[in-house]
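Survey of secondary and tertiary structure
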Amino acid sequence: MRDLGVGFRYLLKGQRWVARHGKQYGFGLLPGLITLVLYTAALVALAVWGADFVGWATPFADDWSSPWQGLFRGFLTVVLFALGLLLSVLTFTAVTLLIGQPFYESLSEKVDRDVSPDGTAPQSTLPLWQELWISARDSLRILARALVWGLLLFACGFIPLAGQTVVPVIGFFVTGFFLTEELTSVALQRRGVDLRARLALLRTRKALVWGFGTPLAVSFLVPFVAVFLMPGAVAGATLMARELRGEEIQESDEDDEGDEDDRNGANSANSADSGDSEEISA
């Protein structure tokens, strides 16, 4: 359970890193703002024309008597908008990362150099177009997995009591896992780690992943928050990717105080998982 706290601290460390590097934070906001405008326009269109679409898609209900026709189509309209909202939450990170690939790649490299003891960062040997293609392809694969989970949880939502209590909590943990995969992919793809290997790596430290991604998934439900947290989330995910890969992390002086327990906790978790822990130096 200690990994839950360690994952959350990586999320906070990422936000602190971009707060200390204002220029990187400013550049990192641009992709999120562009994505936000696109998604807002799509959701507004869905709210305005959703009822018309439902009416067109259910011609068999044209002859139904009142109030059943209105109740049925109203319910479907609400479900359609809810699915659109869920889809926007699940895909916001992937689309933002795709749009902002050059921005976040540069930010992630700077984080790697800043915390690396030798001041270097892993470099991708692939051209930009190929990186974009791999990122888009992997995002579609993750989206397919997320949609399966989303539909399953949506169906479980009709279970009395559990559907209104347990299922939403599970939904946040599932969303948090996929968010973390998307965010860590920036650093891990640069290291040549493919999608299957990334998923296997994340599953070895699920509590760490949930501690990072679940609070982020909850915060992303608040309008506009995702835009402002994205740069720090990418920075924190880069730090966590180093942790998952067993790479050494050199903390800055202002992070040293109060972080010794974090490093000890991370090292203990590594020892339990692999039996061959890697020291995180300060």
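Above this text you will find the structure in question.
Just so you know, these numbers come straight off a predicted model, no measurement behind them. (Residues numbered from 1 in each chain as written. Predicted model: local features only at pLDDT ≥ 70, side-chain atom pairs only at ≥ 80, totals over all residues. Heavy atoms only, no water.)

Some words on the overall build of the chain
Here is the rule: Going along the chain from the N terminus, every DSSP run of H or I of four or more residues is numbered as a helix, and every run of E of two or more is numbered as a strand. Only protein chains enter the accessibility calculation, which uses a 1.4 Å probe; a residue whose area is less than 20% of its type maximum is buried, one above 50% is exposed, and one in between is partly exposed. Reported accessibility uses the Shrake-Rupley method at a 1.4 Å probe radius. Residues are deemed covered only where the shown protein chains occlude them.
Counting its regular elements, the chain contains 11 helices and zero strands. Ordered by position from the N terminus, the helices and strands of the chain form the series α-α-α-α-α-α-α-α-α-α-α. When each of the 282 residues of the chain is scored for burial, the buried share is 44%. For the chain, the accessible surface area stands at approximately 14300 Å², while carbon and sulfur atoms represent 67% of it.

Section: a positive patch on the surface
Our working definition: Patch rule: a residue counts if its relative accessible area is over 30% and it has no salt bridge; like charges are joined within 9 Å, and nonpolar side chains (Val, Leu, Ile, Met, Phe, Trp, Tyr) within 5 Å. The salt bridge definition used is simple: a Lys or Arg side-chain nitrogen within 4 Å of an Asp or Glu carboxyl oxygen. Charged residues are defined narrowly, with Lys and Arg counted positive, Asp and Glu counted negative, and His plus the chain ends left uncounted. In plain terms, the charge of a residue is placed at NZ if it is Lys, CZ if Arg, CG if Asp and CD if Glu.
A contiguous patch of positive charge on the surface is contributed by Arg145, Arg196, Arg203 and Lys206. When its relative accessible area of 46% is taken as the criterion, Arg203 is described as partly exposed.

Details of the packing of aromatic side chains
Selection rule: Note on aromatic pairs: the rings of Phe, Tyr and Trp (six-membered ring only in Trp) are paired at centre separations within 6.5 Å, and the planes decide the class, stacked below 30 degrees, edge-to-face beyond 60, tilted for the rest.
Taken as a whole and judged by the stated rule, the model has seven aromatic pairs. Between Phe177 and Phe178, the aromatic rings sit 5.8 Å apart at their centres with planes inclined by 85°, giving edge-to-face as the arrangement. The exposure classification of Phe177 matches that of Phe178, with both residues buried. These aromatic residues form a ring-pair network of at least three members: Phe60, Trp64 and Phe72.

What to know about the environment of Asp62
This is how the line gets drawn: Two residues qualify as a contact provided that any one of their heavy atoms is within 4.5 Å of a heavy atom in the partner residue. Nitrogen and oxygen atoms within 3.5 Å of one another constitute a polar contact, given that in protein one can donate a hydrogen and the other can accept it, and given that sequence-neighbouring residues count only through two side-chain atoms.
Along the chain, Asp62 turns up in the loop between helix H2 (22–57) and helix H3 (68–99). In contact with Asp62, not counting residues within four places along its chain, are Gln69 and Arg73. A polar contact of 2.6 Å, which involves the side chain of Asp62, links it to the side chain of Arg73.

A word on a nonpolar patch on the surface
Nonpolar side chains collect at one region of the surface, where Phe75, Leu83, Leu86, Leu151, Phe154 and Phe158 lie side by side and expose about 550 Å² of accessible area between them. When contributions to the nonpolar patch are tallied by element, the ones reaching two or more residues are H3 and helix H5 (128–156). Ranked by residues supplied to the nonpolar patch, first place goes to H3 with three residues. Tracing the chain through its elements places Leu86 in helix H3. Judged by its relative accessible area of 33%, Leu86 is partly exposed.

Side note on the pattern of salt bridges
In the structure shown here, the tally under the stated rule is 15 salt bridges. For Asp112, the salt bridge identified is with Arg190, shortest N-O distance 2.9 Å. With Asp112 in helix H4 (residues 101–115) and Arg190 in helix H6 (residues 162–190), the pair connects residues that are 78 residues apart, well separated along the chain. Put simply, Glu247 and Arg191 hold a salt bridge, and the shortest N to O gap is 2.9 Å. Highlighted residues: Glu247 in the loop between helix H9 (225–245) and helix H10 (253–256) and Arg191 in the loop between H6 and helix H7 (195–203), separated in sequence by 56 residues. By relative accessible area, which is 12% here, Arg191 ends up buried. Through salt bridges with shared partners, one network takes in Glu105, Asp112, Arg190, Arg191, Arg242, Arg245 and Glu247.

Details of H4
Note the cut-off: Helices are assigned an expected span. That span is 1.5 Å times one less than the residue count.
Compared with an ideal rise of 1.5 Å per residue, which puts 15 residues at 21 Å, H4 spans 21 Å between its outermost C-alpha atoms and is within 8% of the ideal. Those residues of H4 not exposed but buried are Gln101, Tyr104, Glu105, Leu107, Ser108, Glu109, Val111, Asp112 and Val115. Residues of H4 that are buried sit in contact with helix H1 (2–20), H2, H3, H5, H6 and H9.

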